[in-house]
Structure formats: C-alpha cells, structure tokens
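Here are the chains, one letter per residue:
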Amino acid sequence: MRVALVLSGGGIWGTAGIGVLKALEEWGYQPDLIVGTSSGAIIGSLWAMGMSVDAMTELALSLTKRDVPISWRNIGGQLLGQHRLPDALLDGAPLWQKLRPWLGGIAVSAVPKPLWVVATSLTDRAPIVLGPRIDKVKPGFLMGDPDMELIDAVRASSAVPGFFAPVMIRDQVLVDGGVGDDYPLDVAEMLGADRALGLWIDEPARWQLPSPRPHAFHVLVESMAVMIREISVRMPHWDLRIELTGHTVFERIAEIIEMGYTSAMESKDAIDRLFTEPGRSRIG
C-alpha cells in the first residue's frame, strides 16, 4: 500500500507541514511519495532533499518580510519607463537565494525521495505536475518536463499571480499551483497512491461581511477554498485541516509549526491506520 503525504498551499501557514513531518519522524512513518502545491511544495521539496525537521524549523524561523520585499524598482521601472503594469508586486529573489543551496542544481525527477509538485500552466490553462514522468495522466492535467530544475519547479508552484512573477519554461508560462489544484489529493491518486495523509490550510469556514473586510488576496484564497471542496477522490485519506487567520504572519511561524504538530498528534490513531492497516477500505 502506497501512502502519500499531500501538502496544500497556504503561504506562511504552509510551515505547519514542518510540524506534521516532525510527528511522522517521531513515529517512524515514511510516506511513499510526496505531493505539494505552493508553500506545500517548498516544505515537501526540502524534506525530500533530506533536510532535517530541525533545520527546516531553523530556516523557517529565519524568514522575515525582507525575504519577500515589495519590488519598488520593478514597479517603478515598468510604470515609468514602459508605461505598463509590472508582472509582480513582490521580489522573491532573497527567498530563493536562501533556498537555492537545498533546491538548486538538481532535476525535479532526480530528488532522493519520490516528489511531485503542482503548478498551473497559463499557456494551456491546466494544472501541471512536475516530477518523475508517469505513464497515465488524467484528463485535465499536464505532465511537466522531468529535467526541469527543482528550484524552478518550486518557484513556479509558489508564484501567486500578481504577487510573484510567473516562471517561463520553454513554451509554458507557469504560476501558483493553487490556481488549479491547491490541495492535490487527486494528483496523489493519479500517481498511484492507495491512501493519503493531507495537510489542508483552509480559510475559515464562515467568511462574513463586514468583518473581515475583503481584499484581493483574501478573495483569491477564499475562491480557491471553494474549488478545493469540490475535489473528489476515491482513495482513503485523512485531512489535517488548519484554518488560517491572516496571511503576513512571519512572527507566528513557531506557533504555526506547533499547530501542525499538534494537529498530527491529535489524529495519531487515524494516521496509525493509514500507515499500518494495508487492507483497510476506509480511514476514520
């Protein structure tokens, strides 16, 4: 029985995945494959490359707003020099410089642990799966270049439209996987997983006006949450659902990691069944 670990997007809240991995390591459970979108792709890729939970925690705690600054030079240069809107509001270069030692210089198909990350192709208007090539791809999905550099695949998966620049690879324009498949349980099933443990970073279930007041990013994420609830998979799975409250929350990273760990600990019985009961047809 192949067990997948599925990590959704969620911005800084995706660091809750570090806490989930900490719990799995303590229990000695090893997923057979990892599927991640956006921030989930970052966490999953670092772990698949062999980074320890302690090192991931240290890296996450080092993140600040300076790692994703507003790109004033790009904005000003394009508005004043070219009289056009910029392709992104934020500059992700400092963040990717921090991650390059772990994610650079290796093809997405050559990662030590089986890993697939999900981006969205604006060229073909479909989710694109980046990792080792597979034979059977479901209708509506694309399979990306297995020789694509891992850091480029993760950058594409995390390129939130309007906030980070799209990634141009050959004839494809790629953006955040959350646009097409933010919680890729269906990708794990397509890859041959028999069951999955998923971390789902979700908006609060009841979002009412006038509080909180809507803004563009909030509307985008809430719209994605509606699409996620429509995902249908047949394989047994267990969801660790964490509600996010706020998006720019660097000062809360330690708390968020602990939330992921606590959520896993509270679901230990269900997780035990995922990893130890090969004939079980239903989880939870």
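Source: prediction; values computed, not measured.

Caption draft 1: Spotlight on a negative patch on the surface. On the surface, Glu25, Glu26, Asp54 and Glu58 cluster together into a patch of negative charge. At the level of elements, helix H1 (16–27) and helix H3 (53–61) are the ones that each hand at least two residues to the negative patch. With respect to the element layout, aspartate 54 can be found in helix H3.

Caption draft 2: Just the pattern of salt bridges, in detail. Going through the model one piece at a time under the given rule, you end up with 9 salt bridges. The partner of lysine 98 in a salt bridge is aspartate 67, with the nearest N and O atoms 3.2 Å apart. With a gap of 31 residues between them, lysine 98 in helix H5 (residues 93–103) and aspartate 67 in the loop between H3 and helix H4 (72–81) connect regions that are remote in the sequence. For aspartate 67, a relative accessible area of 8% corresponds to the buried category. Salt-bridge contacts for lysine 268 lead to aspartate 272; the nearest nitrogen and oxygen are separated by 3.0 Å. Of this pair, lysine 268 and aspartate 272 both sit in helix H11 (residues 268–276), 4 residues apart, which is roughly one turn of the helix. Each of the salt bridges in this network shares a partner with another, and the network as a whole consists of Asp202, Arg241 and Glu243.

Caption draft 3: Broad picture of the side chain of glutamate 189. Relative to the elements of secondary structure, glutamate 189 occurs in helix H8 (residues 185–190). In terms of polar contacts, glutamate 189 uses its side chain to reach the backbone amide nitrogen of arginine 234, at 2.8 Å. If sequence neighbours within four positions are ignored, glutamate 189 has contacts with Lys138, Val233, Arg234 and Met235.

Caption draft 4: Molecular detail of the packing of aromatic side chains. Following the criterion strictly, the structure yields 3 aromatic pairs and no others. With 6.4 Å between their ring centres and 65° between their planes, tryptophan 27 and tyrosine 29 make a pair best called edge-to-face. The exposure class of tryptophan 27 is buried, given its relative accessible area of 18%. Residue tyrosine 29 is classed as buried on the basis of its relative accessible area, which comes to 17%. Centroid distance tyrosine 29 to phenylalanine 275: 4.6 Å. Interplanar angle 5°. Geometry classified as stacked. Taken together, the residues span a long stretch of sequence, with tyrosine 29 in the loop between H1 and strand E2 (33–37) and phenylalanine 275 in helix H11 at a distance of 246 residues. What links up through ring pairs into an aromatic cluster is the set Trp27, Tyr29 and Phe275. It is lysine 268 that lies over the ring of tryptophan 27; its NZ or CZ is 5.2 Å from the centre.

Caption draft 5: Broad picture of helix H2 (residues 39–48). With respect to burial, H2 is a largely interior element, 10 of its 10 residues being buried. Of all the residues in H2, the buried ones are Ser39, Gly40, Ala41, Ile42, Ile43, Gly44, Ser45, Leu46, Trp47 and Ala48. Glycine 50 lies just past H2 and shows a positive phi near 100°.

Caption draft 6: Local environment of H1. Taking 1.5 Å of rise per residue, the 12 residues of H1 would be expected to cover 16 Å, and the 17 Å separating its terminal C-alpha atoms lies within 8% of that figure. Within H1, 9 of the 12 residues are buried, leaving the element largely enclosed by the surrounding structure. Of the residues one or two after H1, glycine 28 is the one with positive phi, at around 80°.

Caption draft 7: Spotlight on the nonpolar core. Counting residues in each nonpolar core, the largest one holds 66 residues, and the members touching the most others are Met56 and Leu150. If one sorts the elements of this core by residue count, H1 sits on top with 7 residues. Leaving out residues up to four positions away in the same chain, leucine 150 has contacts with Ser45, Met49, Leu103, Ile106, Ala107, Val108, Val111 and Leu115. Core analysis: the second largest hydrophobic core is formed by 21 residues, Ala4, Ile134, Ala196 and Trp200 among them.

The rules behind the values
- Residues numbered from 1 in each chain as written.
- Predicted model: local features only at pLDDT ≥ 70, side-chain atom pairs only at ≥ 80, totals over all residues.
- Heavy atoms only, no water.
- Patch = residues over 30% accessible without salt bridge, like charges linked within 9 Å, V, L, I, M, F, W, Y side chains within 5 Å.
- Areas by Shrake-Rupley, 256 points an atom, 1.4 Å probe, with all protein chains shown as cover.
- Salt bridge = Lys/Arg side-chain N within 4 Å of Asp/Glu carboxyl O.
- Lys, Arg positive; Asp, Glu negative; His and termini not counted.
- Charge placed at Lys NZ, Arg CZ, Asp CG, Glu CD.
- Helix = DSSP H or I, 4+ residues; strand = E, 2+ residues; numbered from the N terminus.
- Buried < 20%, exposed > 50% of the residue type's maximum accessible area, 1.4 Å probe, protein only.
- Polar contact = N/O pair within 3.5 Å; in protein donor to acceptor, adjacent residues only side chain to side chain.
- Contact = heavy atoms within 4.5 Å.
- Phe/Tyr/Trp six-rings, centres within 6.5 Å; stacked < 30°, edge-to-face > 60°.
- Lys NZ or Arg CZ within 6 Å of the ring centre and 35° of its normal.
- Expected span 1.5 Å × (residues − 1).
- Core = buried A, V, L, I, M, F, W, Y, C linked by side-chain atoms within 4.5 Å.

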